[in-house]
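Topology and contacts: notes
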Amino acid sequence: MAYVIAEPCIGTKDNSCVEVCPVDCIHPTPDEPDYDKVEMLFIDPEECIDCDACVEACPVDACFAEDQLPEEWANFAERNAAYYAGR
């Protein structure tokens, strides 16, 4: 089970989670070309190792274990996976 970035990240993109991720599975990073084109960050569900580091680092509480994702944000699991489907 992967972690998911949800609605509180929209418009924030704080990058604290990017800095602490031990497997570099949160994108886009500020140095990637699509960083300014997206409204939030995304966790790659295939690469995530469920370490919980992003949860502690996120200042807006946007990171959730997939099984703890609030129901109103359930579609964010699909949005995170969809971001990586085209990469």
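Every chain is numbered on its own, with residues counted from 1 as its sequence reads. Local features in a predicted model are, by the rule used here, given only for residues with pLDDT of at least 70; side-chain atom pairs are given and counted only at 80 or more, and totals for whole chains, interfaces and linings are based on all residues. Side-chain calculation: all heavy atoms of the structure are included, whereas hydrogens and water are not.

Looking at the overall build of the chain
Spelled out, the test is: Secondary structure is summarised from DSSP: a helix means a run of H or I of at least four residues, a strand means a run of E of at least two, and numbering begins at the N terminus for each. The globule rule used for comparison is 2.2 Å times the number of residues to the exponent 0.38, while the radius of gyration itself is calculated over C-alpha atoms. Each residue gets one of three labels from its accessible area relative to the maximum for its type: buried under 20%, exposed over 50%, partly exposed in between, using a 1.4 Å probe on protein chains only. Shrake-Rupley sampling with a 1.4 Å probe provides the accessible areas, and residues are treated as covered by the protein chains on show and by no other component. Asp and Glu are treated as the negative residues and Lys and Arg as the positive ones, with His and the ends of the chain left uncounted. Every charge is mapped to an atom, namely NZ of Lys, CZ of Arg, CG of Asp or CD of Glu.
Within the chain, the regular secondary structure consists of three helices and four strands. Here the chain has a C-alpha radius of gyration of 11 Å; the compact-globule value for 87 residues is 12 Å, and the two agree. By principal-axis analysis of the C-alpha atoms, the chain measures approximately 30 × 25 × 25 Å. Residues classed as buried in the chain amount to 45% of the 87 residues present. Accessible area for the chain stands at about 4900 Å²; split by element, carbon and sulfur atoms hold 46% of it. Computed over 4 positive and 21 negative side-chain charges, the separation of the two mean positions in the chain equals 12 Å.

A word on the side chain of N80
Defined as follows: Between N or O atoms, a polar contact is any pair within 3.5 Å; within protein, one atom must be a potential hydrogen donor and the other a potential acceptor, and residues adjacent in sequence are included only when both atoms are from side chains. Any two residues whose heavy atoms approach within 4.5 Å at even a single point are treated as in contact.
Tracing the backbone shows N80 in helix α3 (residues 75–85). Of the polar contacts made by the side chain of N80, one reaches the backbone oxygen of I5; its length is 2.9 Å. Look past the residues within four positions of N80 in its chain and what remains in contact with it is V4, I5, M40, L41, F42, I43 and P45.

Some details on the nonpolar core
Here is the rule we go by: Buried Ala, Val, Leu, Ile, Met, Phe, Trp, Tyr and Cys residues that are joined via side-chain atoms within 4.5 Å together make up what is termed a nonpolar core.
Judged by nonpolar contacts, the single largest core of 30 residues is most densely connected at I5, C17, I26, L41, I43, C54 and L69. Sorting the residues of this core by element identifies β1 (3–5), α1 (16–20), β3 (42–43), β4 (63–65) and α3 as the ones contributing at least two each. Per element, the largest residue contribution to this core is four residues, and it comes from α3. Dropping the residues within four chain positions of it, I5 is found in contact with C17, I26, M40, L41, F42, I43, A62, C63, F76 and N80.

So, the environment of V4
Checked against the element boundaries, V4 lands in strand β1. The buried category is assigned to V4, whose relative accessible area is 3%. Between the alpha carbons of V4 and V23 there is a distance of 15 Å; along the sequence they are 19 residues apart. Apart from residues lying up to four places away in sequence, V4 is in contact with I43, A62, C63, F64, E66, L69, F76, A77 and N80.

So, the packing of aromatic side chains
Under the convention used in this document: Aromatic pairing here means that ring centres of Phe, Tyr or Trp (its six-membered ring) are within 6.5 Å. Orientation follows from the plane angle: under 30 degrees is stacked, over 60 is edge-to-face, and everything else is tilted. Here, a charge over a ring is recorded when the distance from Lys NZ or Arg CZ to the ring centre is within 6 Å and its angle to the ring normal is within 35 degrees.
For the coordinates displayed, the defined rule picks out three aromatic pairs. Their ring planes at 85° and their centres at 5.1 Å tell us that Y83 and Y84 sit as a pair that is edge-to-face. Look at Y83 and you get buried, because its relative accessible area is 13%. An aromatic cluster is built from F42, Y83 and Y84, whose rings are joined through pairwise contacts. Between K13 and the ring centre of Y35, over which it is positioned, the NZ or CZ distance is 4.1 Å.

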